[in-house]
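Single-letter residue listing:
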Amino acid sequence: MTYYTPDNPNHALVFRPKKHPVWEGIRIALIVLVSILLVLSLTLTLFSASVRMAVTPENVYLHVRTIHFEDFPLPYNGSFTTISQLMLQTFNNAGFNLQESDIDLLFDQFSIPVIFARFAQDFVDWFLFDGSRPVLNPDEIASIALSNVDESIMAILYFLGDPAALLGKILVTPLSAIDTDSFFDRLEPLRLLFSADALAMLISGTLVLAVLLYCLCRCRFMEFCLPLWIVILAVCLLIGTAGFLLPAVLPYLTVAYAEYLTDPLISISFNLWRCSLIGIVIGFFSFSVWFLRRILLHLSRHGENLPTDPAGF
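A short tour of the structure in this document, coming up.

So, how was this worked out
- Residues numbered from 1 in each chain as written.
- Predicted model: local features only at pLDDT ≥ 70, side-chain atom pairs only at ≥ 80, totals over all residues.
- Heavy atoms only, no water.
- Salt bridge = Lys/Arg side-chain N within 4 Å of Asp/Glu carboxyl O.
- Helix = DSSP H or I, 4+ residues; strand = E, 2+ residues; numbered from the N terminus.
- Buried < 20%, exposed > 50% of the residue type's maximum accessible area, 1.4 Å probe, protein only.
- Core = buried A, V, L, I, M, F, W, Y, C linked by side-chain atoms within 4.5 Å.
- Contact = heavy atoms within 4.5 Å.

## Focus: the pattern of salt bridges
Tallied over the entire structure, the rule returns five salt bridges. A salt bridge links glutamate 223 to arginine 27; its shortest N-O distance comes to 3.1 Å. Note that glutamate 223 is positioned in helix 11 (residues 221-253) and arginine 27 in helix 1 (residues 21-54), a separation of 196 residues in sequence. Between arginine 191 and glutamate 188 there is a salt bridge, with its nearest N and O atoms 3.0 Å apart. Placement of both arginine 191 and glutamate 188 in helix 9 (residues 181-193) is noted, with a separation of three residues, approximately one turn of the helix. By relative accessible area, which is 23% here, glutamate 188 ends up partly exposed. One network of salt bridges, with partners in common, ties together Arg133, Asp185, Glu188 and Arg191.

Okay, structure coming up:
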């Protein structure tokens, strides 16, 4: 049956029957529900993608190499200790009488920044890229620490035995007191949230919700533009606000490591702001298309109602 439409204004045709108000109300309610789910899904997708783009093993390695580790805190017997204090305690217990003035020499000779840079890379590989959980292996650390030691010092150490085995035995006790397992256990839920599989599921869910929203809008792009604009606007507000709040909230979450995590969080914030700006542009475009379409439709209907006979004025 042919229905009456503004494009075919033949009044002899049958008018299209109106939708039942109950079904129309259900459709609008579903549009609102799917839009809310789409906001949450798209927000989590962009946040996870921003974190994965900013926190890479290469970026972490470059950032860790700029840290001065003399006062870097380590979880130790339920509290925190610095690397300097741990090294002094370890070597003094082993019979080497060291002073605080010797710390800089030890850091240079035993490649402490390199050791922690590699551990940080292993941590990122575990946290974001499904790598194995990093461990503080005494033998591996001893091997790295002795790789840059002066040959004259190594010659003296060989009089005491195998330097790598000797240093490995010295490091067993202090490294076993560093509680990394509880820290990694607390991060396990976040690790699952930011994993590649979770990101793939979020992207798939976002696409499914977008298609469902388009179908609920009766597969009409102009009708789909308005909820799309609202969704994008809400997502931009959420991720833009998150970009501002991350550096501000960090000191309240971890006082000990706040200053060391500021630079990575700033990179994440820049990615969030970049996504927010792109979303604003897309949202403005979709709203402009919808608004322009509404104006043209209104002008078209208004023009059809104007009298064509001059005598009618």
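## Some words on the nonpolar core
Among the nonpolar cores identified, the biggest contains 65 residues, and Val55, Phe69, Phe72, Ile83, Phe110, Ile112 and Leu167 are the most heavily contacted of them. It is helix 5 (residues 112-128) that contributes the most residues to this core, ten residues altogether. If near-sequence neighbours (up to four positions away) are discounted, isoleucine 112 is found in contact with Ile83, Met87, Leu106 and Phe107.

Function cannot be inferred from these measures alone, as they are strictly geometric.
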